[in-house]
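So you can see what is in the structure, the chains are spelled out below.
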Amino acid sequence: MHGETDHTEPFDLNADRLQEECGVFGIFGHEDASALTALGLHALQHRGQEAAGIVTLDDEQFRAERHLGLVGDHFSNAETINRLSGRAAIGHVRYSTTGETILRNVQPLFAELEGGGIAICHNGNFTNAMTLRQQLIRDGAICQSTSDSEVVLQLIARSRERKIVDRFIDAISQMEGAYSLVALTSKKLIGARDPLGIRPLVLGDLNGAPILASETCALDIIGATFIREVENGEVIVCSPSGIESYFPFGKCRARPDIFEFIYFARPDSIIGGRSVYEVRRAMGGELARESHVESDVIVPVPDSGVPAAIGYSQESGVPFELGIIRNHYVGRTFIEPSQSIRALGVKMKHSANKMQIQGKRVILIDDSLVRGTTSVKIVQMIREAGAREVHFRLASPPIRYSDYYGIDTPVREKLLAAKYNLEEMRNYIGADTLAFLSVDGIYKAMGYEGRDNENPQFTDHCFTGDYPTPLTDLSEDRDFIRPPRLVEVQ
């Protein structure tokens, strides 16, 4: 039952990764708001590479730039930044899990309301957005995008509340799922985090200008000071008079997404007071304690497997080596002109460092296993480089369940661990042995004795099937309801 895969396809390790939906950034009251937002989005680029947008506020005039592509492709020149004048701005990087990657879906989205304009962007997924959208359309609403953010705008517009903050709270109180939201009005910067704190959001300060961002690395790049995390269920309002906090849903126990620590957040970010890098290294150490075998070298799958591999090496005493070298200069859209050149795709982005592999018993370390298609190619590449044995180790448990909170997981039937048992997975990828970190192991790496099954400390549904919120949009075939797609032609 060895994995069937087309080895002529270009070898892109990111092609079989979980992909996060978005990153958000906002700043209020700084003369360089647009430039700082562009820099913040650069730091958050790992959270979404398909589109980017910035909206600024200049004397109650909103200005917007939204583009497909990377932040640096559009927001790195003075001309663009100068067009985005103003002392307040919000920005967004997008990975499309809901809605097509077309310009009308690129955030921030903007709307004129009775009390003035509002721009909004979000990270995450509302699990009842399609249900609400269908109701709004039945009531006469016209939707221009397929983004969940537009549903929030529609609900804000239809709210009977008088003040914009109350209308914002009224809107998100109708939403289910996981989200961090940033909105900009003519007088305020507003942020919100879902009641369980599944998606991250932090508060920072730069010379008196408050900042909201998905991760602390976005504060670091502009020299801002980290103040605190926005709390789960908190609505935070920044205005010229200061910062106010509201807890419209009451206080409940937070359950942040464990995958922020495993893969999504940048290693230099701090989440919940924990260094992401240190947690990943600790996960590697736990993995070594649980499943070590005799070996000669520890090799990470770049780049996400590196911290765990370091931890594994330190715990096991087996040397760490860069046995796979990544070429950072091959773009995602490289076009191979012929079948013979296409067959070389395996070496275009990643290649084996033969001198560190040949004749050795190799332990490969990666953060997670999704479909398993690239793992087949990785193991084959290491064997072709002369490895005597190849042992595959994953610094997270098997992913057996789909995500509905903003992570682009395949349907469950395409998840390798949902289809096969451990031995079948080992045979599929062609490794000599295969092992995953246990669920309790990830919690031990986080500083706990294990998972509290009565009151889980994190959102870990991809491993356990324990979804912490309603999944209203889930239909009988266990796939999300989606709107018909509009294909835009040039």
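Rules of the game
Residues numbered from 1 in each chain as written. Predicted model: local features only at pLDDT ≥ 70, side-chain atom pairs only at ≥ 80, totals over all residues. Heavy atoms only, no water. Buried < 20%, exposed > 50% of the residue type's maximum accessible area, 1.4 Å probe, protein only. Helix = DSSP H or I, 4+ residues; strand = E, 2+ residues; numbered from the N terminus. Arc of directions from axis to C-beta. Contact = heavy atoms within 4.5 Å. Axes fitted to C-alpha atoms, helices over the stretch in contact; angles between N-to-C directions. Parallel < 35°, antiparallel > 145°, perpendicular 65-115°, else oblique. Left-handed = near helix turned anticlockwise from the far one by under 90°. Nonpolar A, V, L, I, M, F, W, Y, C, P; charged D, E, K, R; others polar. pLDDT = per-residue confidence, 0-100. Core = buried A, V, L, I, M, F, W, Y, C linked by side-chain atoms within 4.5 Å. Polar contact = N/O pair within 3.5 Å; in protein donor to acceptor, adjacent residues only side chain to side chain. Phe/Tyr/Trp six-rings, centres within 6.5 Å; stacked < 30°, edge-to-face > 60°. Lys NZ or Arg CZ within 6 Å of the ring centre and 35° of its normal. Pairing = 2+ DSSP bridges.

Comments concerning helix α4 (residues 129–138)
All of the buried residues along α4 are Ala129, Met130, Leu132, Arg133 and Leu136. Across the axial projection of α4, the buried residues extend over an arc of 160 degrees, all falling on one side. The inward-facing, buried residues of α4 contact β7 (116–126) and α5 (148–158). Looking one or two residues past α4, Gly140 carries a phi angle of roughly 110 degrees, positive in sign.

What about the packing of α5 against helix α6 (residues 164–172)?
One way to put it is that α5 packs onto α6 with a least axis distance of 8 Å and a crossing angle of 125 degrees. The angle between α5 and α6 falls in the class oblique. Here α5 and α6 pass one another in a crossing that is right-handed. Residue-level contacts link Val152, Leu155, Ile156 and Ala157 of α5 to Ile164, Arg167, Phe168, Ala171 and Ile172 of α6. Each residue belonging to the contact of α5 with α6 can be placed in one class, and the counts come to eight nonpolar, no polar and one charged.

Section: the confidence of the model for the protein chain
Residues shown with low pLDDT carry predicted positions that ought not to be read at fine detail. Looking at the protein chain as a whole, the pLDDT averages 89, with 87% of positions reaching at least 70. Across residues 1–11 the pLDDT falls below 50, and counting only partners more than four positions away or on other chains, this stretch makes 37 contacts in the model. Every residue in residues 476–480 scores below 50 in pLDDT, and together they form nine contacts with partners more than four places removed in sequence or on other chains.

Structural notes on the nonpolar core
Within the largest apolar cluster, 33 residues are counted, with the highest numbers of intra-cluster contacts made by Phe259, Met283 and Ile365. Setting aside its immediate chain neighbours within four residues, Ile365 contacts Leu287, Ile298, Val299, Pro300, Val301, Gly305, Ala308, Ala309, Tyr312 and Arg393. Formed by 28 residues, the second largest nonpolar core is a distinct cluster that contains Ala141, Ile156, Val165 and Met175.

A word on α5
Residues three or four positions apart in an α-helix share a direction because the helix packs 3.6 residues into each turn. Among the 11 residues of α5, nine are classified as buried, and the element is accordingly described as predominantly covered. Turning to α5, its buried residues number three or more, namely Asp148, Ser149, Glu150, Val151, Val152, Leu153, Gln154, Leu155 and Ile156. The inward-facing, buried residues of α5 abut β6 (109–113), β7, α4 and α6. The N-cap residue of α5 is Ser147: its side-chain oxygen and the backbone nitrogen of Ser149 are 3.1 Å apart.

Things to note about the packing of aromatic side chains
In the structure shown here, the tally under the stated rule is 12 aromatic pairs. Their ring planes at 65 degrees and their centres at 5.4 Å tell us that Tyr263 and Phe264 sit as a pair that is edge-to-face. Each member of the pair, Tyr263 as well as Phe264, carries the same accessibility label: buried. Taken together, a centroid distance of 5.6 Å and an interplanar angle of 45 degrees make the contact between Tyr404 and Tyr467 tilted. Within this pair, whereas Tyr404 is found in the loop between β21 (389–394) and β22 (407–408), its partner Tyr467 is found in the segment after α17 (461–464), the two being separated by 63 residues in sequence. Pair check on accessibility: Tyr404 and Tyr467 agree, each one buried. Above the plane of the ring of Phe247 lies Lys251, whose end atom (NZ or CZ) is 4.3 Å from the centre.

Side note on the pairing of β7
With 10 of 11 residues buried, β7 lies mostly within the body of the structure. Relative to β7, β6 runs antiparallel, the two sharing five bridges. Paired with Leu113 across the two strands is Gly116, which belongs to β7. Joining the antiparallel neighbours β6 and β7 is a turn of two residues. In this sheet, strand β8 (residues 177–185) lies alongside β7 in antiparallel orientation, the contact comprising nine bridges. Bridging from a neighbouring strand, Ile120 pairs with Ala183 of β8.

Quick notes on the sheet that holds β7
Strand order in the open sheet made by the six strands is β6-β7-β8-β9-β13-β14, with antiparallel pairing throughout. Since the sheet does not close on itself, it has two edges, and those belong to β6 and β14 (242–246), each with one partner. For this sheet, the mean inter-axis angle between neighbouring strands, taken without regard to orientation, is 20 degrees. As paired elements, β8 and strand β9 (residues 189–193) share five bridges and run antiparallel to each other. Opposite Val182, over in β9, you have Gly191 as the bridge partner. Docked against the sheet, α6 engages β6, β7, β8, β9, β13 (235–239) and β14, running at close to 160 degrees with respect to β8.

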